[in-house]
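Reading the structure
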Amino acid sequence: MGRNIWAYDRMYDICRYYVDFCTRTQFSSVRMQGLENIPSSGAVILAPNHCAALMDPLLILLTRHGSIGFGARSDIFSNPKVARFLNFLRILPMARERNGLREVAKNFETIGDIIECLRHEVPFCMYSEGMHRAEKGLLPIKKGIFKIARKAAEELEKPVYVVPIGVDYEYFFRIQGRVSMKVGKPIDVRAYFEEHKEDSEASTYASLCDRLHSDILDLLDNIPERRHDLRFPRALLALVLFPLWLLFTALSVTIWLPAELVLCRFRDKAWTNTVYFALRFFQPLFWPFMAASGYLTNYISNLIDDLK
């Protein structure tokens, strides 16, 4: 399998315009802050929190139009055709301990590919929690991200940065909510190890994990609180808009009905936005109706919550 995910691909570049458009319109608003904190040169590892399955990397793609590399669990690469498609999407296989030592050993090859990606100044995104969960907050940071960053710093003649990113969702289980994405100050890994050369390796990794954890937490909770007042006029408006909600919901049935049927089989509801994204991606003509239905659903649901 060709694994040069850093190489320019014209088809990938063209497809990104539609993908980025679909990502932005999945939400009522996408607010991005601190993009200037992403270094314009050097090796860059993006380190966001992970809470909404595929939507998280799709949002990270909005930070730049060029390529960004990602990692995904290795078992989905078992089919050669799927593997080639994932390679086209700039995704590399990452084995977990549960996959067995033989699979985990293949990570050494993947790490080499990540370093090549960084050598060509294509950012690579790593989810340092090791898993996703549809909740506010952050799981403990695993040191793997800094082990890879340190190895890259040893092999490359350039700075290696780990950039914290906080991604906030207004709703995990509804579409058309607000999203806030904030980029923090980068961590220069080579400089950090140099500053802590008197410390043990274990303590240096631990302090890096603590710092990244703290940095990401500081970047969360940036979605403004919605209003809870004016309940009576909002209720009147909801009554006026209710027929439109019924109309838009009926016109978007080819999206929401298959989505709900699929999600009934998912224990992990963090995939809610991802499933809706996939269905609207292939049905762009019906998406405006689904977007309007989703917006009105949130309006009415929030009003009901306030009236309770």
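Described in the following lines is the structure provided in the data block.

How each quantity is defined
- Residues numbered from 1 in each chain as written.
- Predicted model: local features only at pLDDT ≥ 70, side-chain atom pairs only at ≥ 80, totals over all residues.
- Heavy atoms only, no water.
- 1 Å grid on protein atoms, 1.4 Å probe; cavity = no way out; pocket = protein on both sides within 12 Å on 5 of 7 lines; lining within 4 Å.
- Points joined across faces, edges and corners; volume = space filled by probe spheres on them.
- Nonpolar A, V, L, I, M, F, W, Y, C, P; charged D, E, K, R; others polar.
- Buried < 20%, exposed > 50% of the residue type's maximum accessible area, 1.4 Å probe, protein only.
- Helix = DSSP H or I, 4+ residues; strand = E, 2+ residues; numbered from the N terminus.
- Pairing = 2+ DSSP bridges.
- Right-handed = clockwise from strand over helix to strand, strands pointing away.
- Contact = heavy atoms within 4.5 Å.
- Disulfide = S-S within 2.5 Å.

1. A closer look at empty space enclosed by the protein
The final tally for this structure, using the stated rule, is one cavity of 30 Å³ or more. Taken as a whole, the largest cavity encloses approximately 40 Å³ of empty space. The wall of the largest cavity is formed by Asn49, Cys51, Glu135, Lys136, Gly137, Val167, Asp168, Tyr169, Phe172 and Leu220. Of the residues that constitute the lining of the largest cavity, the class distribution is five nonpolar, two polar and three charged.

2. Some points on the pairing of strand S4 (residues 91-94)
Working note: regular strand, side chains alternate between the two faces of the sheet. Burial along S4 is two-sided: Ile91 and Pro93 and Leu92 and Met94, pointing in opposite directions, are all buried. Where strand S3 (residues 69-73) and S4 come together, four bridges link them in parallel fashion. Looking at S4, one finds that Phe70 is bridged to Ile91. The handedness of the S3 to S4 crossover, carried by helix H3 (residues 80-88), is right-handed.

3. Topic: the side chain of Arg234
Among the secondary structure elements, Arg234 is positioned in helix H9 (residues 231-251). Apart from the residues lying within four places of it in its own chain, the contact partners of Arg234 are Arg226, Arg227, His228, Asp229, Tyr299, Asn302, Leu303 and Asp306.

4. Here's the deal with the state of the cysteines
For the structure on display, the rule yields zero disulfides. Looking at Cys117, it has no disulfide partner, and the nearest cysteine sulfur is the one in Cys125, 11 Å off. Cys117 gets classed as buried once you look at its relative accessible area, which sits at 0%. As a non-bridged cysteine, Cys209 has Cys125 as the owner of its nearest cysteine sulfur, 16 Å distant.

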